[in-house]
Amino acid sequence: MGFFDIFKRNEPSDTEIQSAVNEVEIDYLETLPVQIPESTVKEINKLNILGGMASKVADAYLESKKINANIEALRTTTSAVVSMHAAQLANARECLTMVFAERSTALNKHYDVLERALKSDDRELIIASLQGISSIVVANPLDKVGEYIRALNNPKVPLQLDF
């Protein structure tokens, strides 16, 4: 004897069920975030009419559909958020690379000028190159990177090019 054999006893006829379904139809399509075929809704209404255990099975089925829809919505949302954060990290990495590459190039140029100034014993050029080196070394590049990232992440503020 199967689990659902208890529903076979004292079953109303198909015409009685159909007329009862037409009279007392519950609209599950409005309460669920997923689409349920009309045939499934009719089957659930039939189970609700039978009462007792069948009603609990129908409720469990609907709750399962709701939970599955919520899980899928969470997966989609989580995937979108993770993708957004990954893009932000890639942008931050690129900004760091560019800022430190720019600093490296500028420092190398200042050191080249300093070497030439030391060879020619040009005190003014030595002082100017040392001031340029100290201004680069004193500046915190991470502040600049933070500004860049905030500008990239704020869609309301237009990006401005500074040459």
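Residues numbered from 1 in each chain as written. Predicted model: local features only at pLDDT ≥ 70, side-chain atom pairs only at ≥ 80, totals over all residues. Heavy atoms only, no water.

### Considering the overall build of the protein chain
Okay, step 1: For the protein chain, the helix and strand inventory stands at five helices and zero strands.
Okay, step 2: Tracing the protein chain from N to C terminus, the helices and strands come up as α-α-α-α-α.
Okay, step 3: Sorting the 163 residues of the protein chain into buried and exposed places 19% on the buried side.
Okay, step 4: Within the protein chain, contacts between residues at least 6 apart in sequence are counted, and of these 54% link residues at least 24 apart.
Okay, step 5: As presented, the protein chain carries roughly 12,600 Å² of accessible surface, and 58% of it is formed by carbon and sulfur atoms. (Helix = DSSP H or I, 4+ residues; strand = E, 2+ residues; numbered from the N terminus. Buried < 20%, exposed > 50% of the residue type's maximum accessible area, 1.4 Å probe, protein only. Contact = heavy atoms within 4.5 Å. Areas by Shrake-Rupley, 256 points an atom, 1.4 Å probe, with all protein chains shown as cover.)

### A closer look at the pattern of salt bridges
Okay, step 1: Counted according to the given criterion, the structure contains one salt bridge.
Okay, step 2: A salt bridge links R75 to E72; its shortest N-O distance comes to 3.8 Å. With R75 and E72 both in helix α3 (residues 53-120) and three residues apart, this pair spans about one turn of that helix.
Okay, step 3: On the basis of relative accessibility, which here comes to 55%, the residue R75 falls in the exposed class.
Okay, step 4: Given a relative accessible area of 44%, E72 falls into the partly exposed group. (Salt bridge = Lys/Arg side-chain N within 4 Å of Asp/Glu carboxyl O.)

### Some points on the nonpolar core
Okay, step 1: Judged by nonpolar contacts, L107, L114, A117, I126, I133 and I136 together constitute the single largest core of six residues.
Okay, step 2: Elements with a minimum of two residues in this core: α3 and α4 (123-138).
Okay, step 3: Among all residues touching L107, those that are not within four sequence positions of it are I133, I136 and V137.
Okay, step 4: Grouped together as the second largest cluster of nonpolar side chains are five residues, I36, V41, I44 and A58 included. (Core = buried A, V, L, I, M, F, W, Y, C linked by side-chain atoms within 4.5 Å.)

### Some details on the confidence of the model for the protein chain
Okay, step 1: Residues with a pLDDT of 70 or more make up 71% of the protein chain, whose mean pLDDT is 75.
Okay, step 2: Counting contacts from residues 5-29, a segment whose pLDDT is below 50, to residues more than four positions away or on other chains yields 25 contacts. (pLDDT = per-residue confidence, 0-100.)

### So, a nonpolar patch on the surface
Okay, step 1: The grouping of L96, F100 and L142 at the surface amounts to a nonpolar patch, some 250 Å² of accessible area in total.
Okay, step 2: Checked against the element boundaries, L96 lands in helix α3. (Patch = residues over 30% accessible without salt bridge, like charges linked within 9 Å, V, L, I, M, F, W, Y side chains within 5 Å.)

### Here's the deal with the side chain of R103
Okay, step 1: With respect to the helices, strands and loops of the structure, R103 is situated in helix α3.
Okay, step 2: This buried residue, R103, is left without a salt bridge; E102 holds the nearest opposite charge, at 8.4 Å.
Okay, step 3: Engagement of the side chain of R103 in a polar contact is seen with the backbone oxygen of A139, the distance being 3.0 Å.
Okay, step 4: Setting aside anything within four residues of it in sequence, one finds R103 in contact with I136, V137, A139 and P141. (Lys, Arg positive; Asp, Glu negative; His and termini not counted. Polar contact = N/O pair within 3.5 Å; in protein donor to acceptor, adjacent residues only side chain to side chain.)

### Examining the side chain of S129
Okay, step 1: For S129, the location among the structural elements is in helix α4.
Okay, step 2: Polar side-chain contacts of S129 include one of 2.9 Å to the backbone oxygen of I126.
Okay, step 3: Not counting the four nearest positions on each side in its chain, S129 is found in contact with H110, V113 and L114.

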